[in-house]
Amino acid sequence: MTEFPELGAAGSATHFEPISVSDESTVVAEFSPDAADGSGYQSEAELEAELVRLLQGQAYEYLPVTSASALEANLRTQLAALNKIEFSDAEWQRLFAESIAGKNDGIVEKTMRIQADHIQVLKRDDGTAKNIYLIDKANVHNNRLQVINQYEVDGARSNRYDVTVLVNGLPMVHIELKRRGVDIREAFNQINRYQRESFWADSGLFQYVQLFVISNGTLTKYYSNTTRDRHVNETVGGRRGKKQSSNTFEFTSWWADANNRAIADLTGFTKTFFAKHTLLNILTKYCVFDVDRNLLVMRPYQIVAAERILQRIETSTNYRQLGTVAAGGYVWHTTGSGKTLTSFKAAQLASKLTSVDKVLFVVDRKDLDYQTQREYDRFEKGAVDGTTNTSHLKRRLEDPASRIIVTTIQKLDRFIKANAKHEIYSGHLVVIFDECHRSQFGDMHVAITKAFKKYNLFGFTGTPIFAENAGSSGNPQLRTTEQAFGDKLHTYTIVDAISDKNVLPFRIDYVNTLKIPDTLTDKQVAAINTEAALLSPERVGAVTSYILDHFDQKTRRNSTYRLGEKRVAGFNSMFATASIDAAKRYYKEFEEQQREREIANPAYQPLKVGLIFSYAANEDLDGGLLGEEEFETHDLDQSSRDFLEDAVQDYNGMFGTSFDTSADRFQNYYKDLSQRLKNRELDLLIVVNMFLTGFDATTLNTLWVDKNLRSHGLIQAYSRTNRILNSVKTYGNIVSFRDLEQATNDALSLFGNKDARGVVLLKPYADYYGEYSKLVADLIALFPLDLPIVGEAAQKQFIALFGAILRLRNILVSFDDFAGHELLSEREFQDYRSIYLNLYAEFRSQDAAEKESINDDVVFEIELIKQVEVNVDYILLLVEQWRQARGNGSDVEMTALMNIQRAIDSSITLRNKRDLILAFVDSVNVSDDTSEDWRRFVEAKKTEELEALIVAEGLKPDETRAFVAEAFRDGAIPTAGTAITKILPPVSRFAAGGNHALKKQSVLDKLAAFFDRYFGLT
């Protein structure tokens, strides 16, 4: 060693951390977009050409294929190359017919083949068998990528697809483009139409598409094939199903870099998402085909977290750091962002590493043990092994076939105490803790980390413990998440999730429940949180009455949507109470008040109210944590146990079940209760701490709070309400009967960032209302209803002013305080809307040059008009009132008729139906059934007008009727494809005035006007 003194003494070498642990992370660490290289108009064709050029620059082979025969021939060539085989004609025909394009195979079967059965067995001509890989998942760069465009197919209608990526000859990613300035939802809808009309055509190879990408150049998103497929299936039931589908555009995803910065522009998206290793990793590793046969494609932040866990396992193994805090880390992904899927994929991939013996997924409550295993089973049936008791856990740990095990921290702790020298302790275990902000910070954590010798310890949390919120109790070496688990591996905060629309924002009402003497200041009132005041019968009664009075409004019971196989009205809610005593008092009060309401009004429909609580050693813990409620009801005092037993019997009476508070049956009560809450069968669940963490129900939109919450507990509880479900559910409602405003702001600052409040919460009511009042005053002063708006400048001013009022009113209607303080009467609001819509119609009808100059500085808030839309049902209600008024004097009749006319004029969708509705009004008899008469009237008029249109335009009668029937079924007049040409009369291109294109457009315009006039009327 003396020849190299510069190396220093043995063992003194400096330790260097690795700079990079992977050459090919799926998600780019940080993306900096290139400067825009164009400023002129870009057509859709130019956008498509640029995309193809970029893909060719990334080593995709361009293939000029536009027919099924050429596509199939290329598939044969690519699979032969991947599998190093030459197919005979007979072998190829067998493989193609039996293992690729079976006659009975649809999207689900082909997705299953790619995701779970990608190695097919070919029986060769000589009788031997050969494994044929459709895709190589072990060595992704063995797969070959090609790009095609303008592929033509004849199905129910002729279609031409924009751009498709082939993997080993199979179409696996389809890109649908619209030119810049066009809503990308049009691309989403066009893909829906392709699935209905032509993906199945020829040999159905396009049903192998796993991912869809939609872009207008500026904005680009991706989603899985079953998101699209289920959306199409749900629209078959008609327009309502389409509007309320839970698999709509809301479930598309942005691509982003590892810092959660969205990469929306098509150029940046193509350079990152379509990088060969990224796309192939997504297709082969980061899709999950669950037991419900839905394809779940992971979002970028989920992929980053899973890969960083795998990287940490590999580097800590290589650096011999196993069994230390340096071998682990934690993932901070906000509640509701899909941590269970991320942890499942991390566990699944870790279990396949050769160095890893077992993966333990550890939860800290029995209810989460059940819920997590059920979620994991949904991702892949039998992929994980649950443990019913400590003995069962021991058998699983000793079984080499059990690679992933779900258990509770309590069972694991008991196993360690009973098996001091078990051989499993020397194996390489990856231990993943779910919700690692809770009870892992104590003696059990120490016992586990002392027992196991070679481990990686990882935690997932939506609310980490930092120094600022660590509290002062417990082991001082384990007070923060970082101390217990190691480095933060990835962050995705509540701000990121709301910005990406992966969770909903919160809307919080603070309801004052205590009368304030004039001599008390606000600060003194905030201190009056004694149980005596808060649980007084008067206050409990007032809070209960408030909830019953506002329940329908908060849970949107006037809105319906499809949930599974049924249609339901609105959402459901939970009520978080401060203690078992409070929960009991409120349950009793709901029972009594609802009974009184039933007596007063026999038509009253009582809410289905449930109750659950159990023993918790500490109902309020240090650092804002919620106390842990176990299933051990025997620890409850006898009075509480008896009360809970009665509540369970009430539940049995509601649903025909047979649960009680004994140990096993109470656990089953919990499971049944949670399922009914998810299915929206229960209206309101009263809880203490149970269900406030770790429980997900997309139908739950409101949390009533009479409980002091802060920090972790506050965010966890609030987040029960903000899961995305559909277009009806737009935010999570929090109604707080305690002074939680400062605690809410502090928690959002800690778990989002300093600017989080403006993103996560709506501003206070007073802020919006003050601005609204000023604008309404300006409107009345500048544009009184009895004076015309003269001149283009004044019209533009009116449009801008009323548009701003519409935007504010749309927000204000969600606040209780706005009712009765609208400043404009309903009639005035309708009249202003009529003026607004008239100006909209006038500006739209101007020629293109004028329209362009106007649109530069005038924006019509037509979507907001639609949100307060007058619909046919409302008009029929007015007709019913008019019918009842007939014979009561001309003034009464005239008032009712004017109400109908005013409502029609203020509606953007009913204005072109004005003559229909008024003609119907004239035909109504006093004794008629209005709804049935309306249906018959519309059908007769619809048939009459269609027949007149056929005659006037010389259309083919049978073909036109079929064309229109399909349009009403599909919800749109098809403007592309050949269907329209089949109904047109023969036109000679040589005859005078025989311009086929003009005739086609003229007919399309008239059919579109006919469709708009009658669609959705019955």
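Counting restarts for each chain: residues are numbered from 1 in the order of the written sequence. In keeping with the predicted nature of the model, local features appear solely for residues at pLDDT of at least 70, side-chain atom pairs appear and are counted solely at 80 or more, and the whole-chain, interface and lining totals rest on all residues. To obtain the side-chain values, all non-hydrogen atoms of the structure were used and water was disregarded.

Some details on the overall build of the protein
Note the threshold: The secondary structure listing takes helices from DSSP runs of H or I that are at least 4 residues long and strands from runs of E that are at least 2 residues long, numbered from the N terminus. The buried label goes to any residue with under 20% of its type's maximum accessible area, the exposed label to any with over 50%, and the partly exposed label to all in between, with areas taken from a 1.4 Å probe on protein chains only. Any two residues whose heavy atoms approach within 4.5 Å are treated as being in contact. Areas reported as accessible are Shrake-Rupley estimates using a 1.4 Å probe. Residue values count occlusion only from the protein chains shown.
Looking only at helices and strands, one finds 37 helices and 24 strands in the protein. By residue count, 54% of the 1018 residues in the protein fall in the buried class. Residue pairs at least 24 apart in sequence account for 73% of intrachain contacts in the protein once pairs closer than 6 positions are excluded. Surface exposure of the protein reaches about 45,400 Å², of which carbon and sulfur atoms provide 50%.

Here we look at the nonpolar core
Filter applied, for reference: Here, nonpolar core refers to any group of buried Ala, Val, Leu, Ile, Met, Phe, Trp, Tyr and Cys residues whose side-chain atoms link them within 4.5 Å.
By size, the foremost hydrophobic cluster in this structure holds 105 residues, and its most contacted members are Ile 100, Phe 273 and Phe 274. Ile 405, Ile 416, Val 540 and Val 609 belong to the second-largest nonpolar core, a separate cluster that totals 100 residues.

Things to note about the sheet that holds strand S5 (residues 158-167)
Backbone hydrogen bonds are what pair the strands of a sheet, in a parallel or an antiparallel way. Condition: A pair of strands is labelled paired if DSSP reports no fewer than 2 bridges between them. Orientation is described by lines fitted to C-alpha atoms, with helices fitted over the stretch in contact, and by angles between N-to-C directions that extend from 0 to 180 degrees.
Taking strand neighbours across the sheet as the criterion, the six strands line up as S1-S4-S5-S6-S7-S8 in an open arrangement whose pairing is mixed. In the strand order of this sheet, the two ends are held by strand S1 (61-62) and strand S8 (220-224), each with one partner. Sheet topology note: the strand S7 (residues 211-215)/S8 ladder contains five bridges and is antiparallel. Its bridge partner being in S8, Leu 211 is matched across the sheet by Ser 224. Its contacts with the sheet put helix H2 (residues 68-83) on strand S4 (145-154), S5 and strand S6 (170-177), and the angle it makes with S4 is roughly 150 degrees. The strands touched by helix H5 (residues 185-197) are S5, S6, S7 and S8; relative to S6, the strand with the most contacts, the crossing angle is about 135 degrees.

Looking at the sheet that holds strand S23 (residues 700-706)
The six strands are arranged S17-S24-S23-S20-S22-S21 in an open sheet whose pairing can be described as parallel. Sheet topology places strand S17 (506-510) and strand S21 (609-611) at the edges, where each strand pairs with a single neighbour. On average, adjacent strands in this sheet sit at an angle of 20 degrees to one another, irrespective of strand direction. Pairing of strand S20 (residues 572-577) with S23, which is carried by six bridges, proceeds in the parallel orientation. Looking at S23, one finds that Ala 576 is bridged to Val 705. Relative to S23, helix H20 (residues 537-554) is tilted by about 165 degrees, and along the sheet it contacts S17, S20, strand S22 (684-687), S23 and strand S24 (732-736).

What about the packing of aromatic side chains?
Two numbers describe a pair of aromatic rings. These are the distance of the centres and the angle of the planes. Our working definition: Pairs were defined over the aromatic rings of Phe, Tyr and Trp, the Trp ring being its six-membered one, requiring ring centres within 6.5 Å. Orientation was assigned from the angle between planes: stacked under 30 degrees, edge-to-face over 60, tilted for the rest. Only when the NZ of Lys or the CZ of Arg is both within 6 Å of the ring centre and within 35 degrees of the ring normal is a charge said to sit over the ring.
Per the counting criterion, the structure on display carries 42 aromatic pairs. On the numbers, 4.9 Å between centres and 55 degrees between planes, the contact of Tyr 651 with Phe 655 is tilted. Separated by four residues within a single helix, Tyr 651 and Phe 655 lie in helix H22 (residues 638-655), roughly one turn from each other. The two residues Tyr 651 and Phe 655 agree in class, both being buried. Each ring, one from Tyr 765 and one from Tyr 769, has its centre 5.4 Å from the other, and the planes form 20 degrees; the classification is stacked. Here Tyr 769 and Tyr 765 lie together in helix H27 (residues 765-782), a separation of four residues that amounts to about one turn. With respect to burial, Tyr 765 and Tyr 769 carry one shared label: buried. Three or more aromatic residues link up through ring pairs in this structure, and these residues are Phe 783, Phe 798, Phe 802, Phe 829, Tyr 832 and Tyr 836. Positioned above the aromatic ring of Trp 254, the side-chain terminus of Lys 221 is 4.6 Å from the ring centre. Taking NZ or CZ as reference, Arg 809 lies 3.7 Å from the ring centre of Phe 829, over its face.

A word on the packing of H2 against helix H3 (residues 89-100)
A pair of packed helices can be characterised by two numbers: the angle between their axes and the separation between those axes. Put simply, the test is: Oblique is the label for any angle not covered by the other classes, which are roughly parallel (under 35 degrees), roughly antiparallel (over 145) and roughly perpendicular (65 to 115). Only Asp, Glu, Lys and Arg are considered charged, only Ala, Val, Leu, Ile, Met, Phe, Trp, Tyr, Cys and Pro nonpolar, and every remaining residue, Gly among them, polar.
Between H2 and H3, the least distance of the axes is 12 Å, while the angle of their chain directions is 100 degrees. Relative to H3, the element H2 lies roughly perpendicular. Here Glu 72, Leu 75, Arg 76 and Leu 79 of H2 lie close against H3, whose contacting residues are Asp 89, Trp 92, Phe 96 and Ile 100. Residues of the contact of H2 with H3, tallied by class, amount to five nonpolar, no polar and three charged.

Observations concerning the packing of helix H13 (residues 390-398) against helix H14 (residues 409-418)
Interhelical geometry of H13 versus H14 gives an angle of 75 degrees and a closest axis separation of 9 Å. Here H13 is positioned roughly perpendicular relative to H14, judged by the angle of their axes. Residues Thr 390, Leu 393, Lys 394 and Leu 397 of H13 form the contact with H14, whose participating residues are Lys 411, Leu 412, Arg 414 and Phe 415.

Remarks on H3
Note the threshold: Working definition: the arc comes from the directions between the helix axis and the C-beta atoms, pointing outward to the latter.
Within the sequence span of H3, burial applies to Glu 91, Trp 92, Leu 95, Phe 96, Ser 99 and Ile 100. Taken down its axis, H3 places every buried residue within 125 degrees of arc, on the same side. Exposed residues on H3 whose side chains face more than 90 degrees from its buried face are Asp 89, Gln 93 and Glu 98. Structurally, H3 contributes buried residues whose contacts are with H2, helix H4 (107-116), strand S2 (119-123), strand S3 (129-133) and S6.

Examining a negative patch on the surface
To keep things clear, this is the line we draw: Residues qualify for a patch when their relative accessible area is over 30% and they have no salt bridge, like charges being joined within 9 Å and the nonpolar side chains of Val, Leu, Ile, Met, Phe, Trp and Tyr within 5 Å. Salt-bridge detection follows one rule: a side-chain nitrogen of Lys or Arg within 4 Å of a carboxyl oxygen of Asp or Glu. As used throughout, the charge tally considers Lys and Arg to be positive and Asp and Glu to be negative, leaving His and the chain termini uncounted. For charged residues, the charge sits on one atom: NZ in Lys, CZ in Arg, CG in Asp, CD in Glu.
A cluster of like negative charges, contributed by Asp 637, Asp 642, Asp 646 and Asp 650, occupies part of the molecular surface. By the element assignment, Asp 637 lies in the loop between S21 and H22.

Structural notes on unusual backbone geometry
Phi is positive for Asn 260, which is not a glycine, with a value near 70 degrees. Relative to the elements of secondary structure, Asn 260 occurs in the loop between helix H7 (239-244) and helix H8 (266-272). Judged by its relative accessible area of 12%, Asn 260 falls in the buried class.

As for the environment of Val 304
Looking at the element boundaries, Val 304 is found in helix H10 (residues 300-318). Exposure remark for Val 304: the relative accessible area of 5% places this residue in the buried category. Val 304 sits 47 residues away from Asp 257 along the chain, and the two C-alpha atoms are 8.9 Å apart. Excluding residues within four positions of it along the chain, Val 304 makes contact with Val 27, Ala 258 and His 490.

Let's talk about the pairing of S6
Among the eight residues in S6, eight count as buried, and that is most of the element. When S5 meets S6, the two strands line up antiparallel, connected through five bridges. For Val 167, the partnering residue across the bridge sits in S6 and is Leu 170. Where S5 hands over to S6, the hairpin turn is made up of two residues, of which Asn 168 adopts a positive phi near 55 degrees. Relative to S7, S6 is paired through five bridges, and the arrangement is parallel.

Here we look at the pattern of salt bridges
Going through the model one piece at a time under the given rule, you end up with 30 salt bridges. As a salt-bridge pair, Arg 507 and Asp 509 come within 2.9 Å of each other at their nearest N and O atoms. Residue Arg 507 is classed as buried on the basis of its relative accessible area, which comes to 2%. Taking the shortest distance from any N to any O, the salt bridge between Glu 681 and Arg 676 comes out at 2.6 Å.

A look at the confidence of the model for the protein
What counts is decided by this rule: The predictor attaches a confidence to each residue, and that confidence, scored 0 to 100, is pLDDT.
In the predicted model, the protein carries a mean pLDDT of 79, and the fraction of residues at 70 or more is 75%. Segment residues 1-8 is flagged for pLDDT under 50; beyond a separation of four residues in sequence, or across chains, it makes one contact in the model. In this model, residues 861-871 is a region of pLDDT below 50 whose contacts with residues beyond four sequence positions or in other chains number 33 contacts.

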